[in-house]
Amino acid sequence: MQAIPCVLMRGGTSKGPVFLGSDLPWDPARRDEMLLALMGSGNELEVDGIGGGYPQTSKVAIVSPSPEPGIDVDYLFVQVMVEQRRVDTSPNCGNMLSAVGPFAIEQGLVAAQGDVTRVTIRNVNTQSVIDADIQTPGGRVTYVGETHIDGVPGTAAPVLLEFRNAVGAKTGELYPTGQPRDVIDGLEVTCLDAAMPMVLMRATDLGKRGDESPAELDGDRELMARLESIRQQAGAAMGLGDVADKVIPKPVLISAPQAGGILQVRYFMPHRCHRALAITGAVGLAVACADSRGITDGLAGVPGDSGLMEFEHPSGRLGVVSHWPAGQQWPRCSLVRTARRLFSGSVFVPETLELDAVG
């Protein structure tokens, strides 16, 4: 067996290993095969690997110094499928993004600067740029703090994320079909690309209240089949091609808020309902609510005076603050997450995977 340096981290409401790019094969096919092996993909429990047996805990972050001026590190996100031996590198993951800044500082890729260190990150999946403010009192990363985020027990140090250029992350357009509303399978939908390509649907149009539990939605086979049909048609209409083997666009059920938020959300990944809400999904929904030409109009509440939009999800709420810098067409979106370093060591893979040639 061969050992690969690895740090297991929680980022937001997700969890997975974080690697230096130089510790993995440079060839994408060999890299992906190695990730499938070390995560245990192809088994519902990922019992022969370090994956967590659920999409939120079967994620990988790969971090490298960035050659781009003004960018500190590049971050490649890899969604490792649980039951299928397959990976997808088409989307970003904003929750795992929360772990990138602390990892970069602790690995020596970015020097700590005072009590708060800003790490500028390029997500290479989508070419989006994010500024992450990491707590570094005394020049060292701290994970201890008083910030609580719904979906994670306890409290931790805050990680402030600001998305500079969320709109058109994959397609270059906010509405890739050319219009804010489309009809697919007899349903009015909004096909949106802001931080994450998504297809928004009213829960009531699918016979749902919008406050169902993830387990209840996952168990509704008729609903899941219909969501997948709509998702694949939306993907083609958005110019993403055949998305049957991709995790984008994400299907999202929206409904009127019930607990004082701006919108109630059930976000799919895409074949299981998220136990909370993806960060990129929240950013995209914030842009959709700010623009208001899509189907969020008439459902969404009013943002707070500071531009705060709180999205109700199965584990609580996720707040996004949007603001328009002078001369910018679309808003910048910022939000607070937390992260934690869980384990540092080596993960082992069979020697037949030829670890010797790395990038």
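Residues numbered from 1 in each chain as written. Predicted model: local features only at pLDDT ≥ 70, side-chain atom pairs only at ≥ 80, totals over all residues. Heavy atoms only, no water.

### Overview of the overall build of the chain
- Check the secondary structure of the chain and you find 5 helices and 16 strands.
- Compactness check: the chain gives a C-alpha radius of gyration of 20 Å against a globular reference of 21 Å for 359 residues, within 12% of the reference.
- Dimensions of the chain along its principal axes, counting C-alpha atoms only, are 55 × 45 × 35 Å.
- Counting across all 359 residues of the chain, residues that qualify as buried make up 55%.
- Partitioning the intrachain contacts of the chain with sequence separation of at least 6 by distance along the chain shows that 64% fall at a separation of at least 24.
- The centroid of the 30 positive side-chain charges in the chain is displaced by 2 Å from the centroid of its 42 negative side-chain charges. (Helix = DSSP H or I, 4+ residues; strand = E, 2+ residues; numbered from the N terminus. Rg over C-alpha atoms; globule rule 2.2 N^0.38 Å. Buried < 20%, exposed > 50% of the residue type's maximum accessible area, 1.4 Å probe, protein only. Contact = heavy atoms within 4.5 Å. Lys, Arg positive; Asp, Glu negative; His and termini not counted. Charge placed at Lys NZ, Arg CZ, Asp CG, Glu CD.)

### Remarks on helix H2 (residues 94-106)
- Burial analysis of H2 places 12 of its 13 residues in the buried class, which makes it a mostly covered element.
- Listed in full, the buried residues belonging to H2 are Gly94, Asn95, Met96, Leu97, Ser98, Ala99, Val100, Gly101, Pro102, Phe103, Ala104 and Ile105.
- Count one or two residues on from H2 and you reach Gly108, which has phi positive near 85 degrees.

### Quick word on the nonpolar core
- Among the nonpolar cores identified, the biggest contains 85 residues, and Tyr75, Phe163, Tyr267, Leu285 and Phe311 are the most heavily contacted of them.
- In terms of residue count, the dominant contributor to this core is helix H5 (residues 279-291) (8 residues).
- When residues no more than four places from it in sequence are discounted, the contact partners of Phe311 are Ile262, Leu263, Val265, Leu277, Ala282, Leu285, Ala286, Cys289, Gly316, Arg317, Leu318 and Val320.
- Judged by nonpolar contacts, the second largest core, of 18 residues, contains Cys6, Met34, Leu35 and Val87. (Core = buried A, V, L, I, M, F, W, Y, C linked by side-chain atoms within 4.5 Å.)

### Structural notes on the side chain of Glu228
- Position of Glu228 relative to the elements: it lies in helix H4 (residues 221-237).
- With relative accessibility at 16%, the residue Glu228 sits in the buried group.
- There is a polar contact of 2.8 Å between the side chain of Glu228 and the side chain of Gln232. (Polar contact = N/O pair within 3.5 Å; in protein donor to acceptor, adjacent residues only side chain to side chain.)

### What about the pattern of salt bridges?
- Taken as a whole and assessed by the stated rule, the structure comprises 20 salt bridges.
- Here Arg31 ties to Asp32 by a salt bridge, and the two come within 2.9 Å at their closest N and O atoms.
- Among the residues examined, Asp32 registers a relative accessible area of 16% and is labelled buried.
- The shortest N-O distance in the salt bridge between Arg118 and Asp133 comes to 2.8 Å. Residue Arg118 is located in strand E6 (residues 116-123), and its partner Asp133 is located in strand E7 (residues 128-135); the two are separated by 15 residues in the primary sequence.
- Judged by relative accessible area, which is 13%, Asp133 ranks as buried.
- Via salt bridges that share partners, Arg118, Asp131, Asp133 and Arg164 belong to a single interconnected network. (Salt bridge = Lys/Arg side-chain N within 4 Å of Asp/Glu carboxyl O.)

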